[in-house]
Amino acid sequence: MDKIVSLCRRRGFVFPSSEIYGGLGSAYDYGHYGVLMKNNVKARWLESMIQERDDIVALDSAIILNPRVWEASGHTQLMHDPLVDCRACKLRFRADALDQAQCGLKPSKHPGEFKDCDLTEPREFNVMLATSFGVLEESAAKVYLRPETAQGIFLNFKNVLQIARRKPPFGIAQIGKSFRNEITPGNFLFRTREFEQMEMEFFVPPDEADEWYRYWVEERLGWYTRYGIRESKLRVRPHEPDELSHYSQATSDVEYLFPIGWLELEGVANRGDYDLRQHSEHSGTKLEYVGEGGERYVPHVIEPAGGPDRSMLAFLVDAYDEEVVAERERTVLRLHPAVAPVKAAVLPLIAKDEGMVRHARALYEELRTRHMVEYDEGGAIGRRYRRQDEIGTPFAFTVDEQTVGDETVTVRDRDSLAQERLPIGGVQDWLEEALERPWKTPKGD
Ligand code: GAP
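Residues numbered from 1 in each chain as written. Predicted model: local features only at pLDDT ≥ 70, side-chain atom pairs only at ≥ 80, totals over all residues. Heavy atoms only, no water.

## Quick notes on helix H13 (residues 427–436)
Here is step 1: Val427, Gln428, Trp430, Leu431, Ala434 and Leu435 are the residues of H13 that are buried. All buried residues of H13 fall inside an arc of 160° around its axis, so they share one side. Turned more than 90 degrees away from the buried face of H13 sit Asp429 and Glu436, all of them exposed.
Here is step 2: Tucked inside the fold, the buried residues of H13 contact strand S19 (344–348), helix H10 (354–367), strand S21 (395–399), strand S22 (408–413) and strand S23 (419–423). (Buried < 20%, exposed > 50% of the residue type's maximum accessible area, 1.4 Å probe, protein only. Helix = DSSP H or I, 4+ residues; strand = E, 2+ residues; numbered from the N terminus. Arc of directions from axis to C-beta. Contact = heavy atoms within 4.5 Å.)

Rendered as structure tokens:
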């Protein structure tokens, strides 16, 4: 994990937030390549949810909702984490995640395992972040930054039913920021207090809920392997009954084997009719489906809920590789081209050669009309290749003396390091085809 954190910083993917003021624990800013990569993760998710299907529509709901929403959803009363304090080291830990935390006195041990640890009994702690809405302090309402995007979807159930004229089974998908006052944030992007979620609520006839639950677990697992995550690093773990959230009838986590162990990437939950019933009751607006023949029911909800920050971390971890080539070490991100921040680099071999620069610039201008590509003329060619390897650029087109004579360029493959020559006029089509090709990580299964 340290290597990923260091690469992310060195290459401008992710920076610690508010750094010049000493930082703010577990808050991060995304730099250029981080933004490009996270946008790709979100775009692939939206494609799979919306573009490739007919039964899901998009939504972007507000972050701050009427506080009554959180009463109805159960978050005000139930979104608690059990927390323990250590009287010896004065640190605070999640009681249900002690095995992921380090003892403050002896970091090689977990809290409670060292002889001097002195833990309190677990206490409940609400993780919703509060703020005030309105300019006058006296009349400002206490509101919450949403701890999940899902509730905005339930509130729009009726709008979508009526205006988008949908009938179950149908889904509503949304990507957006959520906030939680996590007790033990950490492990880089894995658990932060401000993060994004990619959630989809799929409304189904009650008797189809089990079937759709199983369907979405498989579908979501397949999404991660489709974009290059090794199958051996993924597993599905059904929750034990005592782990289930207050709204859930069944949940399975898609887990990834991070360097710190198996951890949740995404949860797929069968929320039953809990949310629509709760909001119907609290708002007085009936949230149900009425068919043309007059049949009526409250749909059940299957929810795949993931996060682009956590997914991006898994994509980075899974892609990270080091190898020795011709006695030189190289670090390479073997990212699936569809999530790689930059698809190709255009490199003139000699930056002072006018002919090479002219050809390289023309090629760059042509390629950038369709793809995120980078032009780089700074430094020795070996260094430029290494830079592109570290940001995971799948292809590099090099313009050399031969290009000026015969209008061909070399293309270098990031993973195999194979090079071939192509007519410069055919590069755009070649790249198009190469980015569409099925891709499998050379790191094995
Ligand atoms: N609506 C259900 C829900 O919010 P969750 O398992 O608490 O379920 C879903 O969150 C996903 O959101 C997680 O699998 C993870 O990808 C992401 N997520 C949750 N808390 C996070 C945090 N503190 N930092 C980063 N991502 C987080």
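We are not done yet, so read on.
## Description of the site of the ligand
Here is step 1: The immediate surroundings of the ligand are formed by 22 residues, with Glu148, Arg180, Thr192, Glu199 and Glu264 found nearest.
Here is step 2: In the environment of the ligand, a nitrogen atom lies 2.4 Å from a nitrogen or oxygen atom belonging to the side chain of Glu199.
Here is step 3: In isolation the ligand exposes 560 Å². Once the protein is present, 91% of that is buried.
Here is step 4: Secondary structure elements with two or more residues in the shell around the ligand: strand S10 (194–204), strand S13 (261–272) and strand S16 (300–306).
Here is step 5: Take the shell around the ligand: its biggest share by element is 5 residues, from S13.
Here is step 6: Taken together, the residues that form the shell around the ligand break down as 7 nonpolar, 5 polar and 10 charged. (Near = heavy atom within 4 Å. Polar contact = N/O pair within 3.5 Å; in protein donor to acceptor, adjacent residues only side chain to side chain. Areas by Shrake-Rupley, 256 points an atom, 1.4 Å probe, with all protein chains shown as cover. Nonpolar A, V, L, I, M, F, W, Y, C, P; charged D, E, K, R; others polar.)

## Structural notes on unusual backbone geometry
Here is step 1: With an omega of 0°, the peptide bond between Pro168 and Pro169 qualifies as cis.
Here is step 2: Mapping Pro169 onto the fold places it in the loop between helix H6 (157–163) and strand S9 (170–179).
Here is step 3: Unlike most non-glycine residues, Ser18 shows phi in positive territory, near 50°.
Here is step 4: Structurally, Ser18 can be placed in the loop between strand S1 (14–16) and strand S2 (28–30).
Here is step 5: Classification of Ser18 by relative accessible area gives partly exposed; the value is 33%.
Here is step 6: Positive phi is not limited to glycine here, since Asn187 has a value of about 60°.

## So, the packing of aromatic side chains
Here is step 1: Applying the stated criterion across every chain, the model contains 19 aromatic pairs.
Here is step 2: Aromatic rings pair up to connect Phe154, Phe157, Phe170 and Phe203 into one cluster.
Here is step 3: Stacked on the ring of Trp430, the Lys or Arg Arg437 has its end atom at 5.4 Å from the ring centre. (Phe/Tyr/Trp six-rings, centres within 6.5 Å; stacked < 30°, edge-to-face > 60°. Lys NZ or Arg CZ within 6 Å of the ring centre and 35° of its normal.)

## Some points on the sheet that holds S16
Here is step 1: Strand order across the open sheet formed by 7 strands is S3-S9-S10-S16-S13-S12-S11, with mixed pairing between neighbours. Looking at the sheet topology across the chains shown, the edges are occupied by strand S3 (56–58) and strand S11 (234–238). Direction aside, the axes of adjacent strands within the sheet are offset by 25° on average.
Here is step 2: Sheet strands in contact with helix H2 (residues 32–51) are S3, S9, S10 and S16, and its direction is about 5° off that of S10. (Pairing = 2+ DSSP bridges. Axes fitted to C-alpha atoms, helices over the stretch in contact; angles between N-to-C directions.)

## Considerations on the nonpolar core
Here is step 1: With 54 residues, the main nonpolar core has Phe13, Trp216, Phe258, Ile302 and Phe315 as its most contacted residues.
Here is step 2: Elements represented by at least two residues in this core include exactly helix H1 (2–10), H2, S9, S10, helix H7 (209–226), strand S12 (250–258), S13 and helix H9 (308–319).
Here is step 3: With 8 residues, the single largest contributor to this core is H7.
Here is step 4: Sequence-distant contacts of Phe315, that is, excluding residues within four places in its chain, are made with Met37, Val41, Trp223, Tyr224, Tyr227, Ile229, Leu335 and Val339. (Core = buried A, V, L, I, M, F, W, Y, C linked by side-chain atoms within 4.5 Å.)

## Quick notes on the environment of Val84
Here is step 1: Its location among the elements puts Val84 in strand S4 (residues 80–85).
Here is step 2: For Val84, a relative accessible area of 4% translates into the label buried.
Here is step 3: Residues Val84 and Ile183 lie 99 residues apart in sequence; the distance between their C-alpha atoms is 9.9 Å.
Here is step 4: Residues within four places of Val84 in sequence aside, it is in contact with Leu91, Arg92, Phe93, Ala95, Leu98, Leu119, Thr120, Glu121 and Pro122.

## Considerations on the sheet that holds S19
Here is step 1: As summarised here, the arrangement of the 5 strands in space is S20-S19-S21-S22-S23, forming an open sheet in which the pairing is mixed. Here the strands that pair on one side only, and so sit at the sheet edges, are strand S20 (373–375) and S23. For this sheet, the mean inter-axis angle between neighbouring strands, taken without regard to orientation, is 25°.

## Quick look at the packing of H2 against H7
Here is step 1: H7 packs onto H2 with a crossing angle of 140° between their chain directions and a minimal axis gap of 12 Å. Taken together, H2 and H7 sit at an angle that is classed as oblique. Helix-helix and strand crossings are classified by hand; for H2 and H7 the assignment is right-handed. The segment H2 lies against H7, with Val41, Arg44, Trp45, Ser48 and Met49 engaging Trp216, Arg220, Trp223 and Arg226.
Here is step 2: For the contact of H2 with H7, a count of residues per class yields 5 nonpolar, 1 polar and 3 charged. (Parallel < 35°, antiparallel > 145°, perpendicular 65-115°, else oblique. Left-handed = near helix turned anticlockwise from the far one by under 90°.)

## As for the pattern of salt bridges
Here is step 1: Applying the stated criterion across every chain, the model contains 43 salt bridges.
Here is step 2: Close ionic contact of Glu148 with Arg271 constitutes a salt bridge, the shortest N to O distance being 3.3 Å. With a gap of 123 residues between them, Glu148 in the loop between strand S8 (141–145) and helix H5 (150–155) and Arg271 in strand S13 connect regions that are remote in the sequence. Neither residue differs from the other here; Glu148 and Arg271 are each classed as buried. (Salt bridge = Lys/Arg side-chain N within 4 Å of Asp/Glu carboxyl O.)

## Points about the side chain of Asn156
Here is step 1: Looking at the element boundaries, Asn156 is found in the loop between H5 and H6.
Here is step 2: For Asn156, the side chain forms a polar contact with the main-chain oxygen of Gly152, separated by 2.8 Å.

## Here we look at the side chain of Asn270
Here is step 1: Topologically, Asn270 is positioned in strand S13.
Here is step 2: Residue classification places Asn270 among the buried positions, given a relative accessible area of 3%.

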